[in-house]
Every structure is written in C-alpha cells, then in structure tokens.
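Chain by chain, the residues:
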Amino acid sequence: MGCPYSPTDPDVVADPFPAYAMLREQCPVHHTNMAGVDFLTVASRDDVHRILTSPNLWVNRHGAGIAYSGEDGRGNLQHYDQPEHTKRRVLMRNEFNPLEVRKLADSTRTLAVGLADEMEAAGPHVELHDAFACPLPILGFIDLMGVDHDDRGRIKAWADQLVLGLSDPKQAVKPTAEIKAYINAAVSERRRIADAGGTPRPGLLTEYSLRLLDGERIPLVEMESMVLQLLVAGHETTTSLITNFMWRVLEEPSRWARIVADQSLIPNAIEESLRFDPPVLGLFRTNVEETAIGEVAVPAKSKVMALYASANRDPEAFPNPDVFDIDRDEMQLKRHYSFGWGIHHCLGAPLARQTARIAIETLATRFPNIRLDGPTERLAPEILWGRRKLPVALH
C-alpha cells in the first residue's frame, strides 16, 4: 500500500511498465489519485481477471472512466450491466462480427492505399501518426457511419478532446455537448426522411436511428452515447495499435525486415503488440458491495482501475514478458487483456485487428525501407498508451 506510485508522475507517464512491475511485486492493490480523484489500482493478472469476470460484483453502471457517470451514460455499452448489457450488445453486434467486418476490407484497403499515395507525394520525411495511422480509422468510421466527409476535421477534434476526458473529465464537457448536438441533428434528420417515405443516406447511423429496441426507436439521448462510444473506442485505440506496432518493429529494424519478407507474420505480431503496448492501459469498475482484493478491504462503490497493461506483462502468464516477441506462442497471446475480457470484451475488436492488419500490409508493401526519423512522443492522456508523434523516413 506504500509504494511510491502515481500515474501522473512524469517517469510513469513516459514509461509505466517499470512502475507496474513494482506494483505487482510490492503493492498489487494500491491507493492512487489522479485528477483529484481517489481510487484503487489492481496490477496482478489474477486480480484483474477476477474483476473482469465478476460482472455482478464489479459493475459498469458507474462508468469505465475515473468519473462516476449518471444518466448521461445511457446508450454506451460500457454503462450497462446485465441483463440490459446483453440486450444492447445484440442490438449492435451484427455489424461488428468477423463475417460482416470482412466485407469492409476492400474499402479499408482503398483508404490505406490512398493515404500511402499522399505520403509518397509528401515524403520522404513523414509524421506517420498524422499522415496515416490517425486518418485511416477516422475515414473508416466516417464511411461506416455514413456521415459527411466534410465533417472529418470536426470529428477528429472532438475525438481527441473526448479521449483527454477519460483521465480529466473537465476536458470532455464542451466536446461532449457539441458532438451530442451533432448526433441529435443527424439522427433526427434521418428519421424525418424515413418517416416521409424517403431513403436516408446509408450507414450505421441510419441503421441505428431506425432500429427498434423493445418495439420503439432508440431514444435520442441513448443514440448520442452510442455514437460517442463508437467514435472514441473505434478511432483512438486503432490509431494507437498501428503506431505502437510500427514504433516497436522499427525500433529493431530486423523485425520490420521479417514483416516485409513474410506478411503472414503480421496477425501474430499484432497480438504481441496488443499485449506489449495496449492502447488502453486500464479501465475502471465499481463494486456494488464491500469486498476484498487479496488482503485489502474495498468499501462498496469504490472506483478500481484494472491495469490491463500490467496484467499483460505478468510473468505468471507470459514468459519473458518485457521482450517484444513476434514469434510468441499464439496460445499465450490469447490471454492478453487489451480488448478487455468477459461480457465487456471490446465489440469492435475484429474491426480494429483488420484495420491494423491492412494498414501494416500496405506500409510493408509500399515502404519496405521505412525507418524511424527522430524521437517519438506519447499521447497525452495517462490512461492511454500510443504514439502521438511517430516521425519516419519512407526510403
């Protein structure tokens, strides 16, 4: 309980993994403060697993972030517990199952090739986050949702501000209000067109606007949260998966050479990237009654952060956990927590994996000699882990 750990310590922000190793060894349950909020962090794989697989004790209704959420969370899958969670997950899951996701591969590849063309024209020195890793999932999200391409800049700005709000809720107030107004107007317009006998523009936003839940259309307040979740979860985490992957394989050029020579290595290497550098370091649960984690008593309604990134480096589950190994055993990699676990396992995981795979295949094909071209910089929110700056030379 007395470990000198703070998630906002500059050394921890720069590289949290040594601190996580200390927590696992000395303080697997730790009293922590961030943004003026007290909570517990849980570092060992076994404890993280127990929390994620005990949804009746460790609930989501108070929010997966540091703040206690209220009615504003309605519509966000991370807000619901059973039985409502399953009902709403079924409402959304068809579009994100692997068979449906596969149908998006050609359009994703077209977007990736177009961005590679733009990089080639702008090169040879390129900021990979801004030029490729960030716009690819945003453009895919815009196409999937069926919103206006002219809104790309606004949506990106909102997404960035909402991500900052995960660790500092004040940062999310203004963008949340703005994007909710945008979603409200877009949903209302689609419903008006359909009710008048017209055909709204295709996309998931129209599908969800017209879909029925318990015989009625989804309330606007729930539509707002649903689309908000898809935006933040679908854009920032996939971007970080791509940048983290490229960062690690370009750090050791022999890794990239192997990827270029044999692209069949990419899927397993993506799983190792997810284990080694999870885009989300951890998320929160809240206990409905007093309990204990190990020998630490936890009062009811305590915010507890399950450190996915620490669980992913637990030597009890992963031999040589601090080695990035693209040949790591596939069965080991099935144990990582980067998409959560249990009933709240990330709905968009198949899409994130496919987008990352196509992104890396495109880069390996077009830029086999790509290399790092300067220091990288991490994302600002302490709860996330990804490269905000990733300068590369293409040739």
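The model shown is predicted, which means the values in this text are computed figures rather than measured ones.

Some words on the packing of aromatic side chains
So, point 1. Applying the stated rule across the entire model yields seven aromatic pairs.
So, point 2. Here the aromatic rings of Phe 39 and Phe 284 are separated by 5.1 Å at their centres, their planes lie at 75 degrees, and the arrangement is edge-to-face. With Phe 39 in strand E2 (residues 37-42) and Phe 284 in strand E7 (residues 283-287), this pair connects stretches of sequence that are 245 residues apart.
So, point 3. Taking the relative accessible area as the measure of exposure, Phe 284 reaches 0% and is therefore buried.

Here we look at the pairing of strand E1 (residues 29-34)
So, point 1. In terms of strand pairing, E1 meets E2 through six bridges, oriented antiparallel. Of the residues in E2, the one forming a bridge with Thr 32 is Phe 39.
So, point 2. Taken together, E1 and the strand that follows it, E2, pair antiparallel across an intervening segment of two residues, in which Ala 35 is found at a positive phi of about 55 degrees.

Re the pairing of strand E10 (residues 303-306)
So, point 1. On E10, burial covers both faces: Lys 303 and Met 305 on one face and Val 304 and Ala 306 on the other are all buried.
So, point 2. In this structure, E2 lies alongside E10, joined through three bridges in parallel fashion. What sits directly across from Val 42, in E10, is Ala 306.
So, point 3. In terms of strand pairing, E7 meets E10 through four bridges, oriented antiparallel. Across the sheet, residue Thr 286 finds its bridge partner in E10, namely Lys 303.

Focus on the packing of helix H12 (residues 220-251) against helix H13 (residues 253-261)
So, point 1. At a minimum axis distance of 4 Å, the contact between H12 and H13 shows a crossing angle of 110 degrees. With respect to each other, H12 and H13 are oriented roughly perpendicular. For the pair H12 and H13, contact is made by Phe 245, Met 246, Arg 248, Val 249, Leu 250 and Glu 251 and by Pro 253, Arg 255, Trp 256 and Ile 259, respectively.

Digging into the side chain of Thr 286
So, point 1. Along the chain, Thr 286 falls in strand E7.
So, point 2. Given a relative accessible area of 0%, Thr 286 falls into the buried group.
So, point 3. Not counting residues up to four positions away in its chain, the partners in contact with Thr 286 are Leu 57, Trp 58, Val 59, His 62, Tyr 68, Lys 301, Ser 302 and Lys 303.

A word on the packing of H13 against helix H17 (residues 349-366)
So, point 1. Packing of H13 against H17 brings their axes to within 9 Å, and their N-to-C directions diverge by 95 degrees. Regarding the angle of H13 to H17, the classification is roughly perpendicular. Along its contact with H13, which presents Trp 256, Ile 259 and Val 260, the element H17 presents Ile 360, Leu 363 and Ala 364.
So, point 2. A class-by-class count of the residues in the contact of H13 with H17 yields six nonpolar, no polar and no charged.

Concerning the layout of surface pockets
The probe, sized like a water molecule, is rolled over the atoms to show the empty space still left.
So, point 1. As a volume, the second largest pocket reaches approximately 280 Å³.
So, point 2. Taken together, Pro 98, Val 101, Arg 102, Pro 267, Asn 268, Ile 270, Glu 271, Glu 330, Pro 350, Arg 353, Gln 354 and Arg 357 make up the lining of the second largest pocket.
So, point 3. Those elements giving two or more residues to the lining of the second largest pocket turn out to be helix H5 (98-102), helix H14 (266-276) and H17.

Focus: the environment of Pro 55
So, point 1. Position of Pro 55 among the secondary structure elements: in the loop between helix H3 (45-52) and strand E3 (58-59).
So, point 2. Expressed as a C-alpha distance, the spacing of Pro 55 and Gly 140, which sit 85 residues apart in the sequence, is 32 Å.

A word on the sheet that holds strand E14 (residues 391-393)
So, point 1. One open sheet holds the three strands; their spatial order is E4-E14-E11, and the pairing between them is antiparallel. In the strand order of this sheet, the two ends are held by strand E4 (125-127) and strand E11 (371-372), each with one partner.
So, point 2. In the sheet, E4 pairs with E14 via three bridges, with the strands oriented antiparallel. When the sheet's bridge partners are listed, Val 126 is paired in E14 with Val 392.

What to know about the environment of Ser 225
So, point 1. Note that Ser 225 resides in helix H12.
So, point 2. What makes Ser 225 buried here is its relative accessible area of 3%.
So, point 3. Separated by 165 residues in sequence, Ser 225 and Asn 60 have C-alpha atoms that sit 15 Å apart.

Points about the state of the cysteines
So, point 1. Following the criterion strictly, the structure yields one disulfide and no others.
So, point 2. One disulfide in the model links Cys 3 with Cys 27; its S-S distance is 1.8 Å. Looking along the S-S bond of the Cys 3-Cys 27 disulfide, the torsion reads about 90 degrees, which is the right-handed sense. Placement of Cys 3 in the segment before helix H1 (10-14) and of Cys 27 in the loop between helix H2 (17-26) and E1 is noted, with a sequence separation of 24 residues between them. In terms of burial, Cys 3 and Cys 27 fall into one category: buried.

Conventions used here
Residues numbered from 1 in each chain as written. Predicted model: local features only at pLDDT ≥ 70, side-chain atom pairs only at ≥ 80, totals over all residues. Heavy atoms only, no water. Phe/Tyr/Trp six-rings, centres within 6.5 Å; stacked < 30°, edge-to-face > 60°. Helix = DSSP H or I, 4+ residues; strand = E, 2+ residues; numbered from the N terminus. Buried < 20%, exposed > 50% of the residue type's maximum accessible area, 1.4 Å probe, protein only. Pairing = 2+ DSSP bridges. Axes fitted to C-alpha atoms, helices over the stretch in contact; angles between N-to-C directions. Parallel < 35°, antiparallel > 145°, perpendicular 65-115°, else oblique. Contact = heavy atoms within 4.5 Å. Nonpolar A, V, L, I, M, F, W, Y, C, P; charged D, E, K, R; others polar. 1 Å grid on protein atoms, 1.4 Å probe; cavity = no way out; pocket = protein on both sides within 12 Å on 5 of 7 lines; lining within 4 Å. Points joined across faces, edges and corners; volume = space filled by probe spheres on them. Disulfide = S-S within 2.5 Å.

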